[in-house]
Every structure is written in C-alpha cells, then in structure tokens.
Amino acid sequence: MTTNQGAPGIGRIRRSLLGVLALGLLLGSGALPAAASSREALRAEMTKALQEYLSERRKVEMISGVSAFVSLKDGETGISAVAGTTRFFDSGERVTRRTLYEIGSNTKQMTAAVLLQLEAKGLLDIEQTVGDWLPQYKAWAHVSIRRLLNMTSGIPTYTEAPRFMDIQASRPNQHFTPEQLIAFAYPTRTNRLPTSTGWFYSNTNYILAGMIAEKASGRSMKQLYQSGIFDPLYMKDSYYEPRVLPESVIARMSSGYFNNPTCGEYDPDCSVPPLAPLVGKDMRRADVSWTGAAGGVVSTPRDLQRWVRGLFGGRVLPPKQLKEMLELVSTATGEPIRETTAEDPRGFGLGMAAVHVPGPGQLWFYEGMTLGYRAVYFYFPKDDLVVTAIANSQAPDGQDELPPLALRLYEIVKDRPAPDDGPEAPEDFD
C-alpha cells in the first residue's frame with residue numbers, strides 16, 4: 001500500500017494534487033489583460049468569483065461562506081475577499097476577513113518548520129530516529145524524523161483506524177492525548193493496521209513529530225508555534241490549543257459542516273460509512289485534540305498567506321533548513337527527486353507538496369482539511385504570487401471545488417501589477 005486512497009479526516013493531499021495537475025491544463029487560458037487596477041476593482045472581481053462559487057456549490061458542498069486572500073508580491077499588502085455567512089442552516093453573521101477557520105494539515109508545514117528550527121539550534125537532527133527520542137515505540141525505532149515528515153515512514157494513519165473513527169462518530173467531543181492517538185495505529189497483537197512502502201500520507205507521523213519537538217525543546221507545541229511562527233510572522237489571527245479552543249477563539253469562528261460520508265482507508269468496501277452520523281453536524285465546538293500537531297491550527301486566509309510568504313521568503317528557517325524542508329520525494333515512488341516534472345508531477349517535502357503543471361512549471365500547493373473546514377494555498381514562484389482560500393465544510397468525496405476557485409483567483413490577478421493605491425486598511429500595520 002503506497003498511497004492514501006481516501007481520508008475523511010485531516011488532509012486529502014493525494015486527491016488534491018491529482019486535481020491540481022488536471023486543473024493545471026487550464027492555467028493560462030482566458031488570462032485577463034495586464035492593466036493598472038485599483039485594490040477595490042480587484043477585490044470586486046475576486047468577490048464576484050467567490051459569490052459564484054458559493055451560489056453554485058452551496059448545497060453540494062454544504063458551505064455557507066468562503067474567504068480568500070491574494071498576495072501579488074512579497075512585501076505588498078495583498079487583497080482579501082469574502083462571501084456568505086458563518087452558518088448554513090440559518091443566516092448567521094456575515095463572513096469578514098478576520099473570521100476564523102480550522103486550516104487542517106497546513107499545520108504540518110508549521111510542525112516541520114518547528115523541528116527544523118530546533119535542528120538549527122542544535123537540539124535535534126532530522127536524521128535521528130523515533131527510537132532516539134521516543135524509545136517506547138520500538139516497532140518504529142528505525143524511522144527517522146525526516147521520514148516522518150516526508151511521509152515515507154510506512155507507519156499507518158490513526159485517523160483511518162476503525163476504532164478511532166467509531167469514537168469520532170459517536171463522541172466528537174472526546175479528548176485524546178497524543179499517546180492515545182498513536183495507540184490507534186501502533187502494532188500490537190490485537191491491532192494490526194496495514195503498513196506501507198514508498199509514500200503514504202499518515203497523520204500519525206506528525207503526532208510523533210510533535211512529541212519529539214516537545215521532548216527536544218522542553219516546551220509545548222503551542223509555545224513553539226507561537227514563538228517560532230505566529231509572533232515573528234505577525235500572524236495575529238492564528239491559534240493552537242492541544243484540547244478545546246478557548247471561547248474567545250470559538251466566538252470568532254465560522255461554523256463548519258461535515259458532509260463526506262465515505263468509507264475508510266482500511267475498510268474501503270464498508271456498507272455503512274463510519275462517519276455517517278456526523279453528516280450535517282456543525283463541528284465548530286468539537287474537541288480539536290484529535291488533530292494535534294497534524295492539523296490543529298486555527299487561522300485566516302491572510303495569516304495563511306503570511307505563513308507561506310514567511311517560509312519561502314526565508315523568514316522562518318536558515319538556508320540549510322529551508323533547503324531540507326523543500327527537498328522532495330515522489331508521491332508515486334517515495335524516492336527522492338530534484339523537482340517535479342511532466343513525467344513525475346507530484347512531490348512531497350517536509351510537510352510541503354509540489355506539483356508540476358504545464359505553463360507555470362513547479363508550484364507549491366496544499367489543502368488542509370478537518371471534519372468541518374478546508375483551507376488551500378497556492379504559491380506560484382515564477383509569478384511571486386500567493387493565493388489562499390478557506391471554506392466551511394468537508395465536501396463529499398470528489399466534490400471539492402475549492403482548489404479550482406483558488407486557481408480562478410490566480411487567473412484574475414496574475415497579470416495585474418500590485419495596486420499602488422495604499423494599504424488595504426490601517427489595521428494591516430497594527
């Protein structure tokens with residue numbers, strides 16, 4: 001087993017990468033002419049695209065609101081756009097640019113960066129193993145930190161374990177410790193999930209990585225995210241909690257709906273989808289401990305853009321560690337590759353995904369997903385352009401149109417110079 005065929009929990013990166021590859025064929029068609037555009041004119045075009053997406057996809061994806069942000073070059077203020085409301089079954093409040101959402105597996109990049117920051121400080125080495133740091137997991141003692149982060153560990157994913165999914169469906173407010181999450185995947189006499197070879201998307205890898213980071217630093221993941229990422233990048237609307245989010249954060253969050261009753265990875269021919277009881281449920285107040293260092297950050301499209309800009313702009317990691325983070329393995333073979341190509345178009349770094357598409361060449365992309373939210377970003381190096389978008393549901397399998405929406409925003413702005421009519425709002429420089 002070398003690929004993750006269906007993961008209704010955190011992340012669905014393989015399917016998203018396949019979709020982006022197909023969508024890449026559309027890039028470059030229907031490009032808008034280059035013209036000086038005011039910020040408000042560009043925002044109006046972006047907002048129209050969001051409204052059209054919401055109108056067309058509201059029922060099938062069970063979404064009530066969508067939020068997006070584009071950054072036309074590093075250092076430029078950027079443009080936000082929003083559409084819709086915070087609740088599906090009644091009107092809710094209007095979405096604003098500071099409405100909060102879970103960003104799912106985009107958290108993995110931040111976890112990888114935390115570990116690389118610790119490496120830069122001499123507190124660990126990513127060639128060290130699970131056995132070096134967590135000797136209690138003897139079955140995985142040989143697995144290096146690097147292999148945890150680039151998904152070549154062979155370790156099963158706890159989010160697809162039938163026992164875990166049963167609990168998640170019946171008790172969404174159940175609190176889990178990292179050790180309890182790992183136990184769903186760890187091999188014992190009575191627990192034998194299939195292992196994998198090559199590249200396989202496993203959330204267990206990042207729970208282990210978070211535990212290693214805490215042990216190496218003597219600090220919590222909350223502290224490590226805050227001091228190493230949120231504060232230096234001025235991500236003032238980003239939060240992480242190991243358990244229940246504080247009321248002050250929940251009050252600012254959009255509702256988020258589960259609408260993806262598929263079978264699990266380890267029981268693909270099930271007669272009753274294990275998470276079917278959650279369909280239509282608002283997951284905003286659900287316990288977030290099940291996501292942990294694999295997907296627990298809450299944020300906004302603007303802050304997600306700040307993360308992408310900070311990372312690729314060299315403001316998160318020293319050059320050696322940034323190089324390590326962007327070193328790819330093929331998602332087809334699990335073997336190292338220098339870059340993605342037309343022949344081998346999908347790659348994975350340390351929490352990072354890259355895809356080769358006709359025209360732009362290699363671009364960086366990720367879609368993070370939790371039970372009620374989806375968050376996507378694209379970074380186009382040749383254009384120095386970042387697009388982020390977030391919607392408030394987990395859509396049915398095969399019905400997720402958020403990445404195409406982000407690419408539509410790219411088409412709107414890609415040939416436009418950055419507006420020169422001043423900052424978007426004074427609070428951008430608080």
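Residues take numbers from 1 onward in each chain, read along the sequence in its written order. Given that the model is predicted, a residue must reach a pLDDT of at least 70 before its local features are reported, and side-chain atom pairs must reach 80 or more before they are shown or counted; all residues, however, enter totals for whole chains, interfaces and linings. For side-chain calculations, the full set of non-hydrogen atoms in the structure is used, while hydrogens and water are omitted.

Colleague: Just checking my understanding: could you explain the pattern of salt bridges for this structure?
Modeller: By definition here, a salt bridge exists when the distance from a side-chain nitrogen of Lys or Arg to a carboxyl oxygen of Asp or Glu is within 4 Å. For the structure shown, the criterion picks out 22 salt bridges. Note that Glu324 and Arg146 form a salt bridge whose closest N and O atoms lie 4.0 Å from each other. In this pair, Glu324 sits in helix 13 (residues 319–326) while Arg146 sits in helix 5 (residues 145–149), placing the two residues 178 residues apart along the sequence. For Lys222, the salt bridge is made with Glu241, and the minimal N-O distance between the two is 2.7 Å. Of this pair, Lys222 sits in helix 9 (residues 221–230) while Glu241 sits in the loop between helix 9 and helix 10 (247–250), placing them 19 residues apart in sequence. For each residue, the accessible area found with a 1.4 Å probe, counting protein chains only, is set against the maximum for its type, and the residue is called buried under 20%, exposed over 50%, and partly exposed in between. What makes Lys222 partly exposed here is its relative accessible area of 35%. On the basis of relative accessible area, Glu241 is assigned to the buried category, the value being 18%. Shared partners join several salt bridges into a network, and the residues in it are Glu119, Glu127, Arg146, Lys320, Lys323, Glu324 and Glu327. Counting from the N terminus, the helices are the DSSP runs of H or I reaching at least four residues and the strands are the DSSP runs of E reaching at least two.

Colleague: What is the right way to read the nonpolar core from this model?
Modeller: Among soluble globular proteins, nonpolar side chains are generally buried collectively. Formed by 97 residues in total, the largest nonpolar core has its most connected members in Trp140, Ile229, Trp307 and Met325. Every residue pair with non-hydrogen atoms within 4.5 Å of one another is taken to be in contact. Not counting residues up to four positions away in its chain, the partners in contact with Ile229 are Met110, Ala113, Val114, Leu224, Met235 and Trp307. The set of buried Ala, Val, Leu, Ile, Met, Phe, Trp, Tyr and Cys residues whose side-chain atoms join them within 4.5 Å is what this entry labels a nonpolar core.

Colleague: Can you walk me through the packing of aromatic side chains in this structure?
Modeller: In this description, an aromatic ring pair is defined by two values, namely the gap between the centres and the angle between the planes. Two rings belonging to Phe, Tyr or Trp (six-membered ring only in the last case) form a pair when the distance between their centres is within 6.5 Å. Interplanar angles under 30 degrees mark stacking, angles over 60 mark edge-to-face geometry, and anything in between is tilted. As enumerated under the stated definition, the model contains 23 aromatic pairs in all. Considering the side-chain rings of Phe88 and Phe89, the 4.9 Å spacing of their centres and the 85° angle between planes classify their relative orientation as edge-to-face. Judged by relative accessible area, which is 15%, Phe88 ranks as buried. Residue Phe89 is classed as exposed on the basis of its relative accessible area, which comes to 56%.

Colleague: Mind showing me how you'd approach the confidence of the model for the protein here?
Modeller: Detail in the predicted coordinates should be disregarded across regions flagged by low pLDDT. Confidence of the prediction at every residue is given by pLDDT, a number between 0 and 100. For the protein, the mean per-residue pLDDT works out to 90, and 89% of the residues sit at or above 70. Under a pLDDT of 50 for its full length, residues 426–430 has, in the predicted model, twelve contacts with residues more than four places off or in other chains.

Colleague: Mind showing me how you'd approach helix 3 (residues 106–120) here?
Modeller: Given 3.6 residues per helical turn, the α-helix brings residues three or four places apart onto the same face. Take the residue count of a helix, subtract one, and multiply by 1.5 Å to get its expected span. Its 15 residues place the ends of helix 3 22 Å apart at the C-alpha level, agreeing with the 21 Å of an ideal helix rising 1.5 Å per residue. Among the 15 residues that make up helix 3, 14 are buried, leaving the element largely enclosed by the rest of the structure. Following helix 3 by one or two positions, Gly122 has its phi on the positive side, about 80°.

Colleague: Could you clarify how one ought to interpret unusual backbone geometry in this entry?
Modeller: Excluding glycine, residues mostly have negative phi values, and the peptide bonds linking residues are mostly trans. Within the chain, Met151 stands out as a residue other than glycine whose phi angle is a positive 65°. Looking at where Met151 falls in the secondary structure, it is placed in the loop between helix 5 and helix 6 (162–170). For Tyr234, which is not a glycine, the phi torsion comes out positive at approximately 55°. Looking at the element boundaries, Tyr234 is found in the loop between helix 9 and helix 10.

Colleague: Is there a simple way to think about empty space enclosed by the protein in this case?
Modeller: Any empty space left between atoms is shown by rolling a water-sized probe over those atoms. Cavities and pockets were defined on a 1 Å grid built from protein atoms only: a cavity is a group of points that admits a 1.4 Å probe but offers it no way out, a pocket is an open group of points flanked by protein on both sides within 12 Å along at least five of seven lines, and a lining residue is one with an atom within 4 Å of any such point. Grid points are joined across faces, edges and corners, and a volume is the space filled by probe spheres set on the points. Taken as a whole, this structure holds five cavities of 30 Å³ or more when the rule is applied. As for the largest cavity, its lining consists of Phe164, Gln168, Arg171, Pro172, Gln174, Phe176, Met283, Ala286, Asp287, Trp290 and Leu371. Residues belonging to the lining of the largest cavity are distributed by class as follows: seven nonpolar, two polar and two charged. Residues are sorted three ways: Asp, Glu, Lys and Arg are charged, Ala, Val, Leu, Ile, Met, Phe, Trp, Tyr, Cys and Pro are nonpolar, and all the rest, Gly among them, are polar.

Colleague: Please explain the state of the cysteines as it appears in this structure.
Modeller: The disulfide definition used here is simple: a pair of cysteine sulfur atoms within 2.5 Å. Scanning the entire structure with this criterion turns up one disulfide. Each sulfur in the disulfide pair Cys263 and Cys270 lies 2.0 Å from the other. Measuring the twist about the S-S bond at about -90°, one finds the Cys263-Cys270 disulfide to be left-handed. On the accessibility criterion, Cys263 (21% relative accessible area) is partly exposed. With relative accessibility at 14%, the residue Cys270 sits in the buried group.

Colleague: Explain the environment of Ala213 here, please?
Modeller: Assignment of secondary structure puts Ala213 in helix 8 (residues 204–217). With a relative accessible area of 0%, Ala213 lands in the buried category. Separated by 80 residues in sequence, Ala213 and Ala293 place their C-alpha atoms 9.9 Å apart. Non-local contacts of Ala213, meaning those with residues more than four positions away in its chain, are made with Val114, Leu115, Leu118, Met221 and Leu224.

Colleague: What's the story with helix 12 (residues 301–312) in this structure? I'm lost.
Modeller: Helix length check: helix 12 (twelve residues) gives 17 Å between terminal C-alpha atoms against 16 Å at 1.5 Å per residue, within 8%. Among the twelve residues of helix 12, eleven are classified as buried, and the element is accordingly described as predominantly covered. Among the residues of helix 12, Pro301, Arg302, Asp303, Leu304, Gln305, Arg306, Trp307, Val308, Arg309, Gly310 and Leu311 are the ones counted as buried. Gly314 sits one or two positions beyond helix 12 and adopts a positive phi of about 75°.

Colleague: Looking at this structure, how should I read the sheet that holds strand 12 (residues 385–391)?
Modeller: Strands pair in a sheet through their backbones, by hydrogen bonds, and they do so in one of two ways: parallel or antiparallel. One open sheet holds the nine strands; their spatial order is 2-1-12-11-10-9-8-6-7, and the pairing between them is antiparallel. Both edges of this open sheet fall to strand 2 (79–84) and strand 7 (336–337), since each of them pairs with a single strand only. The sheet contact formed by strand 11 (residues 374–380) and strand 12 spans seven bridges and is antiparallel. Note on strand 12: the bridge partner recorded for Ala375 is Ile390. The strands that helix 14 (residues 402–413) touches are strand 1 (65–71), strand 10 (361–369), strand 11 and strand 12; relative to strand 11, the one it contacts most, it runs at about 35°. For two strands to count as paired, DSSP must find a minimum of two bridges between them. The axes used here are C-alpha line fits, helices contributing only the stretch in contact, and every angle between their N-to-C directions lies in the interval 0 to 180 degrees.

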